[in-house]
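A closer look at the structure
Okay, here's what each chain looks like letter by letter:
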Amino acid sequence: MPLTEQTKQDWSPRIVAFFCNWCTYTASDLAGVSRLRYAPSTRVIRVMCSGRIDPEFVIEAFTQGADGVLIGGCHPGDCHYSEGNYKCLRRYHLLQRVIAQMGIDQRRLRLEWISASEGKRLQEVVNEMTETLRQLGPSTIREVVQTVIK
Amino acid sequence: MPVNEEARVGFYICHCGHNIANMVDVTAVAEYAAKLPNVVLSRDYKYMCSDPGQEMIAKDVEVFKLNRIVVASCSPLLHENTFRTATSKAGINQFYFQMVNIRENASWVHEDKEMATLKAKDLVRAAISRVVFHKALEKKKVPVNPDVLIVGGGISGISAALTIANAGKKVYLVEKEPTIGGYMAKFDKTFPTLDCAACILTPKMSAVLKHPGITLLSYSEVSAVDGYVGNYHVKVTRKPRYIIEEKCVGCFACIDACIFKEAKFSDEFNEGLSKRKPVYIPFPQATPQVVLIDDKTCIHFKTGKCPQTCAKACDRNAFDFDQKPVVQELEVGTILLCTGFQPFDAARAPYYGYGRYSNVYTSLEVERLVNASGPTGGHVVLRDKSKPKSIGIIHCVGSRDEKTNKWCSRVCCMYSLKLAHLLKEHTDAEIYNFYIDMRTPGKGYEEFYDKLLNEGVHFIRGRVAEVSDWAINDHEKGKLVIRVEDTLIGMVRRIPVDMVVLAVGIEPGKDAQDIRRMFNISCSNEGFFLERHPKLAPVETFTDGIYIAGACQGPRDIPDSVAQAGAAAAQALALIDSGFVELEPNTAFITEELCCGCQVCINMCPYHAITFDDGKGKSHINEALCKGCGTCVAACGSGAITQNLFEDQQILSEIYGLLVE
């Protein structure tokens, strides 16, 4: 999905993106090398495998003010470590329920399988998610948490 | 967030010429970073990866007593090692380094300088916040097994095997077909020199067989791969030939004695243009010279009621009808994948009539027809045994086409020219070449094209629309009519010919995806194996110790495949001769005091690296088996597992740094 003029001008969400080293991080390198333009919303944290992504990381990202969290891993069957992406998938489904209970819109957390060759797919996913988040507006969970702590 | 008071961070941002500086305000980022906690020094520099850039780090470490280094530049997959080495040369542990990717992940993908700069600042803050929690680690050195596995016995695999074996290393060459040689063995002549393919290939094939350093495992496939760089465990399944390889001398008495007096079954080597018996050898120079039985057509295997005349004719008792697949285990240090390609299936372009009109041939079929050892003994004849008087060669079948494959297959222009020359020589027919663009980049290639132009071969520029037998005048009757827009004269033409040759393109092999999964490497979008870097590491993969060469990486001709095989062989030899590999210390370990003994982690590990100590009631990770994915770390409820380089605290600080200004 191409980025609309509207998105460029308006508020830009901040997405914490956890990408696995072997597939999605490589895809994001490929997007770079291919000069595929996408929204400047993602902030990538590289992990060796999507299986490393502790649910705590996702919750922490939201409570520290992320407007969205994007998880990128290898396609099913393609995990560099055999099955780390399946473990990630299980945690993702659990996390979707947890964040809903925290009052976070489920569309703010997205899991995508993006292989090393799918730079184009990465561009599409980031632009789509940015557009969705732009419609949802800034996440307020950080303020809520800060208030509760006080 | 806890802070580490002792950390003294040196921050460097790279301009990468204009690559970064054009889209990210590097001075602003450097000024911003200078004010962040723990940062002692912040600089921007034109090319950080250059020698002066690296030396600057070393000097600064000495002068400013730095103990942490952060470099914002390109992808860590490209230059992390460069800067780790620079850090280590500066006298501090190489893992006190963190890299920020602001090129592939920012300057190259954004259009708004302000936003790209903001993003770069966030990423830099995250890295600085993370690096203070880095720990000093040591890379583990493990010895490299000097033996090499080469998968695929085409010209690439053969060349690489000979190079490596000539260097005194042991090579296992695995080939799934009954013979090595690959597609090159089917060719008659090679372009542009027109030297005979068999004359240059068969000596190499027999050199492979005779070489004391090469173990040839033909008619075998790799069924499992385990281990890591320097130490791979490989299982090879040897398919049953029903012939004891060591006993067969290649006299072919069994083939003559087969109960089938006439050959009845389609001969794969001749592209189905001739017949073979159930007991056969693919071609006379097959290597090894060992026959095999096709159990799908053999009467014995189909009915169990065959007098086994073949076995009786064998005076060496080489027959064993009870052979079963045998799994052979190999230990190797490096692996070369030379698994090749498959030709485009011409039936996928139905408008050219392949399979419908008997005189439409693929280029490979014509290679066999012009070959002196082919099904017709080198006589180019149509299916009715008559000699063609006019021949049309259609280029780019399945290539450069939105409907099929988008890429240029690189070899078809040249082999079409070669076939045009050979067909002219064999038949003296009128030859028409239909091309979109003539692509002849290579030594002597353009000259070869020139030569053909002077030989009286017709060249018509335009993509052929259709091949049909629909005649609109007597002149076209009984012929195949090629309909094409001749873009040089600007009109649609109908060219009647006796024979059509489809120059089919190159595709990834049909088992490329299975091979990729087995060896844990990636494929590019088209399905060819993905190299580590398109320019700087064209034969390496993202999995250390696994190299690729030949057409499995992309369409290429024989000289390029051989060159790549040499490059891959050199890479493997360099690794072997260094004697050891250094492993990334990103393994996980368990802090016993924190482990509650719940054993959740044990099922997480795909490598069975975690065991439970019943006596202590604690789990334990075997470092040698751990590959460092970190899946167990994320599953541990009591926070007892730590992954080096990706500790919870490091990642949490990174998240915090990203979001909190």
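Taken residue by residue, the interface counts 55 residues in chain A and 55 residues in chain B. Taking both sides of the interface into account, the surface hidden between chain A and chain B amounts to around 4600 Å²; carbon and sulfur atoms contribute 56%. Applying the counting rule to chain A against chain B returns six salt bridges. For the salt bridge of Asp-122 of chain B with Arg-14 of chain A, the shortest nitrogen-to-oxygen distance reads 3.2 Å. Viewed at the interface, chain B and chain A are joined by 23 residue pairs in polar contact (both at pLDDT 80 or more). For the side of chain A that touches chain B, the secondary-structure elements that each account for two or more residues are strand E1 (15-20), helix H2 (24-33), strand E2 (42-47), helix H3 (55-63) and helix H4 (84-101) of chain A. The element that contributes the greatest number of residues to the side of chain A that touches chain B is H2 of chain A, accounting for seven residues. For the side of chain A that touches chain B, a count of residues per class yields 23 nonpolar, 14 polar and 18 charged.

Glancing now at the domain arrangement of chain B. Residues and elements named next belong to chain B. Each assigned domain of chain B is listed here: domain 1 (9-137), domain 2 (140-239 + 325-340 + 509-580), domain 3 (253-313), domain 4 (345-507) and domain 5 (588-644). Between the C-alpha centres of domain 2 and domain 3 the distance comes to 29 Å. Each partner contributes to the interface: domain 2 provides eleven residues, whereas domain 3 provides eleven residues. Interface of domain 2 and domain 3: buried area, both sides summed, is about 920 Å²; carbon and sulfur atoms make up 73% of it. Summed over the three residues of domain 2 that lose the most area to domain 3, namely Pro-178, Thr-179 and Lys-186, the buried surface amounts to 49% of that side. At the junction of domain 2 with domain 3, the criterion picks out one salt bridge. The partner of Lys-186 in a salt bridge is Glu-271, with the nearest N and O atoms 2.7 Å apart. Linking domain 2 with domain 3 are three residue pairs in polar contact (both at pLDDT 80 or more). When residues in the side of domain 2 that touches domain 3 are grouped by element, the largest group, three residues, is from helix H7 (residues 197-210). When grouped by side-chain class, the residues that make up the side of domain 2 that touches domain 3 number seven nonpolar, three polar and one charged.

Right, let's get into the side chain of Glu-365 of chain B. All names here are of chain B. Locating Glu-365 in the fold gives a position in helix H11 (residues 363-370). Summary of buried charges: Glu-365 has no salt-bridge partner, and the nearest side chain of opposite charge, Arg-383, is 4.2 Å away. Beyond its immediate sequence surroundings of up to four residues, Glu-365 is in contact with Glu-271, Leu-273, Tyr-354, Val-360 and Arg-383.

Judged by side-chain polarity, Leu-488, Ile-489 and Met-491 of chain B come together as a nonpolar surface patch covering roughly 310 Å² of accessible area. When its relative accessible area of 55% is taken as the criterion, Leu-488 of chain B is described as exposed.

Below, the discussion takes up the sheet that holds strand E24 (residues 464-468) of chain B. Residues and elements named next belong to chain B. A sheet is described by the order of its strands in space; here three strands give the open sequence E24-E25-E26, paired in antiparallel fashion. Either end of the sheet is taken by a strand with one partner, and the two such strands are E24 and strand E26 (491-497). Across this sheet, the average inter-strand angle for adjacent strands is 20 degrees, counted without regard to direction. Here strand E25 (residues 480-486) pairs with E26 via seven bridges, running antiparallel. For Asp-486, the partnering residue across the bridge sits in E26 and is Met-491.

This brings us to the packing of helix H1 (residues 26-34) of chain B against helix H5 (residues 113-131) of chain B. When two helices pack together, their arrangement is captured by the angle between the axes and the distance separating the axes. Residues and elements named next belong to chain B. The N-to-C vectors of H1 and H5 enclose an angle of 35 degrees; their axes lie 10 Å apart at closest approach. Taken as a pair, H1 and H5 cross one another with a handedness that is right-handed. Within the contact between the two elements, H1 uses Ala-28, Val-29, Tyr-32 and Ala-33 and H5 uses Thr-117, Ala-120, Lys-121, Val-124, Arg-125 and Ile-128. Residues belonging to the contact of H1 with H5 are distributed by class as follows: seven nonpolar, one polar and two charged.

The linkage connecting Phe-191 of chain B with the following residue, Pro-192 of chain B, adopts the cis geometry, with an omega of -10 degrees. Relative to the helices and strands, Pro-192 of chain B resides in the loop between strand E8 (189-190) and strand E9 (195-196). Here the bond from Thr-287 of chain B into Pro-288 of chain B is cis, since omega is 5 degrees, no more than 30 degrees from zero. Mapped onto the elements of the fold, Pro-288 of chain B is located in the loop between strand E15 (279-280) and strand E16 (292-293). In this structure, Ser-82 of chain A is a non-glycine residue whose phi angle is positive, near 70 degrees. Tracing the backbone through its elements, the reader meets Ser-82 of chain A in the loop between strand E3 (68-73) and H4.

All names here are of chain B. Relative to strand E23 (residues 458-461), strand E22 (residues 430-435) is paired through four bridges, and the arrangement is parallel. Considered in E23, the bridge of Tyr-432 is made with His-458. Regarding the hand of the β-α-β motif, the stretch spanning E22, helix H13 (residues 445-454) and E23 is right-handed.

Take the pattern of salt bridges next. Inspection of the entire model under this criterion finds 43 salt bridges over all chains. Here Asp-498 of chain B makes a salt bridge to Lys-479 of chain B, at a shortest N to O gap of 3.2 Å. A residue pair is termed long-range when its members are at least 10 positions apart, and Asp-498 of chain B in the loop between E26 and strand E27 (499-504) and Lys-479 of chain B in the loop between E24 and E25 qualify at 19 residues. Of the residues examined, Asp-498 of chain B reaches a relative accessible area of 15% and is grouped as buried. Residues joined by salt bridges that share partners form a network here, namely Arg-110, Glu-112, Arg-121, Glu-124 and Glu-128 of chain A.

Another point: the state of the cysteines. Under the definition given, this model contains two disulfides over all chains. For Cys-23 of chain A, the disulfide goes to Cys-74 of chain A, at an S-S distance of 2.5 Å. In this structure the cystine formed by Cys-23 of chain A and Cys-74 of chain A twists about its S-S bond by roughly 105 degrees; its chirality is therefore right-handed. Placement of Cys-23 of chain A in the loop between E1 and H2 and of Cys-74 of chain A in the loop between E3 and H4 is noted, with a sequence separation of 51 residues between them. Across the pair, exposure class does not vary: Cys-23 of chain A and Cys-74 of chain A are buried alike. The disulfide partner of Cys-196 of chain B is Cys-199 of chain B, and the S-S distance across this bridge is 2.2 Å. Handedness here is read from the sign of the S-S torsion; for Cys-196 of chain B and Cys-199 of chain B, about 90 degrees, the answer is right-handed.

Thresholds, definitions, all that
- Residues numbered from 1 in each chain as written.
- Chains lettered and ligands numbered in written order.
- Predicted model: local features only at pLDDT ≥ 70, side-chain atom pairs only at ≥ 80, totals over all residues.
- Heavy atoms only, no water.
- Contact = heavy atoms within 4.5 Å.
- Buried area = accessible area lost by both parts, 1.4 Å probe.
- Salt bridge = Lys/Arg side-chain N within 4 Å of Asp/Glu carboxyl O.
- Polar contact = N/O pair within 3.5 Å; in protein donor to acceptor, adjacent residues only side chain to side chain.
- Helix = DSSP H or I, 4+ residues; strand = E, 2+ residues; numbered from the N terminus.
- Nonpolar A, V, L, I, M, F, W, Y, C, P; charged D, E, K, R; others polar.
- Domains from an automatic or database assignment.
- Buried < 20%, exposed > 50% of the residue type's maximum accessible area, 1.4 Å probe, protein only.
- Lys, Arg positive; Asp, Glu negative; His and termini not counted.
- Patch = residues over 30% accessible without salt bridge, like charges linked within 9 Å, V, L, I, M, F, W, Y side chains within 5 Å.
- Areas by Shrake-Rupley, 256 points an atom, 1.4 Å probe, with all protein chains shown as cover.
- Pairing = 2+ DSSP bridges.
- Axes fitted to C-alpha atoms, helices over the stretch in contact; angles between N-to-C directions.
- Left-handed = near helix turned anticlockwise from the far one by under 90°.
- Right-handed = clockwise from strand over helix to strand, strands pointing away.
- Disulfide = S-S within 2.5 Å.

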